[in-house]
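The primary structure of each chain is shown beneath.
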Amino acid sequence: LTANGFATIDKCLSKDEARHISTEITQVLEQKGPDSGAYKPISDDAKGTLVTVPQEGGLLESLREALPKILNPRVEAELHAYYGSYFRVYSGITYRTHAVTHHANSFLWHRDMAPMSQAHLMLYLTDSGEVDGATMMLDLHHSMRAASLGYHYEHMESRVFDIEQVFADVDEEPVVC
């Protein structure tokens, strides 16, 4: 975290554990009705592709059971090294994300403008990669460099699809991870 601005830690949960939580998410959304986002976006708008899921019932219990595996010794070590102290989990949000037909909002280049005292942990419950969808990140140096070039990420309408266009006028290519 300190060197790159992010860390990737694979296989915190087994495929069966991840599938179980994903099924719990589907069940929570199914109880909300047919247009709740269980199987398809809740609207044609790009915002409808990211559905917030209430943490309740079996899902809440499954998340509680999974938390020690998610915050495993390697994750704890990364967080301890970053903060230089102990930490606590303050909150958690569960999403169901659907494939997008056009790029908008969180699917464009941005950075989460959280205070340095806050870290975001993302846990993928399905495969992630170039064909499955994935979160791509700039290392800390290039994220700061993009900001120095005037790309501050704050406003949705100013986000770009291709981060390389931000670096087009300088002799530097961004390192995308």
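All values reported here derive from a predicted model rather than from experimental measurement.

Section: the overall build of the protein
Point 1. The helix and strand tally for the protein stands at four helices and two strands.
Point 2. In the protein, the order of α-helices and β-strands from amino to carboxyl end is α-β-α-α-β-α.
Point 3. Within the span of the protein, comprising 177 residues, buried residues form 27% of the whole.
Point 4. Counting only contacts in the protein whose residues sit at least 6 apart along the sequence, the fraction spanning at least 24 positions is 72%.

With respect to the packing of aromatic side chains
Point 1. Counted under the stated rule, the structure contains one aromatic pair.
Point 2. Look at Tyr 82 and Tyr 83: their rings are 4.9 Å apart centre to centre, the planes differ by 70°, and that puts the pair in the edge-to-face class.

Some remarks on the pairing of strand E2 (residues 94–97)
Point 1. Alternating residues of E2 divide into Thr 94 and Arg 96, all buried, and Tyr 95 and Thr 97, none buried.
Point 2. Two elements, strand E1 (residues 50–53) and E2, share four bridges in a ladder whose sense is antiparallel. From the neighbouring strand, Val 53 faces E2, where its bridge partner is Thr 94.

Thoughts on the nonpolar core
Point 1. If you look at the biggest cluster of nonpolar residues, it comprises eleven residues: Leu 13, Ile 21, Ile 25, Val 28, Leu 29, Ala 38, Val 51, Val 53, Leu 59, Ala 66 and Ile 70.
Point 2. Sorting the residues of this core by element identifies helix H1 (15–32), E1 and helix H2 (57–70) as the ones contributing at least two each.
Point 3. Looking at which element gives the most residues to this core, the answer is H1, with four residues.
Point 4. Those residues in contact with Val 51, other than ones at most four positions away along the chain, are Leu 29, Ser 36, Gly 37, Ile 42, Thr 94, Tyr 95, Arg 96 and His 98.
Point 5. Grouped together as the second largest cluster of nonpolar side chains are eight residues, Val 160, Ile 163, Val 166 and Phe 167 included.

Side note on the side chain of His 142
Point 1. Within the fold, His 142 resides in helix H4 (residues 140–148).
Point 2. Take His 142: its relative accessible area is 7%, and that puts it in the buried class.
Point 3. Of the polar contacts made by the side chain of His 142, one reaches the side chain of Glu 172; its length is 3.2 Å.

A few points about the pattern of salt bridges
Point 1. The full count for this structure, using the stated rule, is four salt bridges.
Point 2. Arg 19 is paired through a salt bridge with Asp 16; the nearest N and O atoms lie 2.8 Å apart. Remark: Asp 16 and Arg 19 occur in helix H1; sequence separation between them is three residues, near one turn of the helix.
Point 3. Arg 19 sits in the partly exposed class, given a relative accessible area of 48%.
Point 4. For Glu 17, the salt bridge goes to Lys 69, with nearest N and O atoms at 2.1 Å. Of this pair, Glu 17 sits in helix H1 while Lys 69 is found in helix H2, placing the two residues 52 residues apart along the sequence.
Point 5. Residue class for Lys 69 comes out partly exposed when judged on its relative accessible area of 39%.

A short note on unusual backbone geometry
Point 1. Phi angles above zero are rare outside glycine, and Lys 11 is one such case at about 60°.
Point 2. Within the element layout of this structure, Lys 11 appears in the segment before H1.

Overview of helix H3 (residues 73–83)
Point 1. Sitting at the amino-terminal end of H3 is Asn 72, which places a side-chain oxygen 2.9 Å from the backbone nitrogen of Arg 74.
Point 2. Two residues or fewer after H3 comes Gly 84, characterised by a positive phi angle close to 70°.

What counts as what
- Within any chain, residue numbers begin from 1 and follow the written order of that chain's sequence.
- Given that the model is predicted, a residue must reach a pLDDT of at least 70 before its local features are reported, and side-chain atom pairs must reach 80 or more before they are shown or counted; all residues, however, enter totals for whole chains, interfaces and linings.
- Hydrogens and water molecules were not included; the side-chain quantities draw on all heavy atoms of the structure.
- In this description a helix means any DSSP run of H or I spanning at least four residues, a strand means any run of E spanning at least two, and both kinds are numbered starting from the N terminus.
- When a residue's accessible area, from a 1.4 Å probe over protein chains only, is under 20% of the maximum for its type it is buried; when over 50% it is exposed; and in between it is partly exposed.
- The contact rule is simple, with two residues in contact once any of their heavy atoms fall within 4.5 Å.
- Think of it this way: a Phe, Tyr or Trp ring, Trp meaning its six-membered ring, pairs with another when their centres are within 6.5 Å, and the plane angle makes it stacked under 30 degrees, edge-to-face over 60, tilted otherwise.
- When DSSP locates at least two bridges between a pair of strands, those strands are taken to pair.
- Nonpolar core, defined: a set of buried Ala, Val, Leu, Ile, Met, Phe, Trp, Tyr and Cys residues in which side-chain atoms within 4.5 Å join the residues together.
- Pairs of N or O atoms within 3.5 Å make up the polar contacts considered here, provided that, within protein, one atom can donate a hydrogen while the other can accept it, and that residues adjacent in sequence are counted only when both atoms are side-chain atoms.
- Between Lys or Arg on one side and Asp or Glu on the other, a salt bridge is scored when a side-chain nitrogen of the former is within 4 Å of a carboxyl oxygen of the latter.

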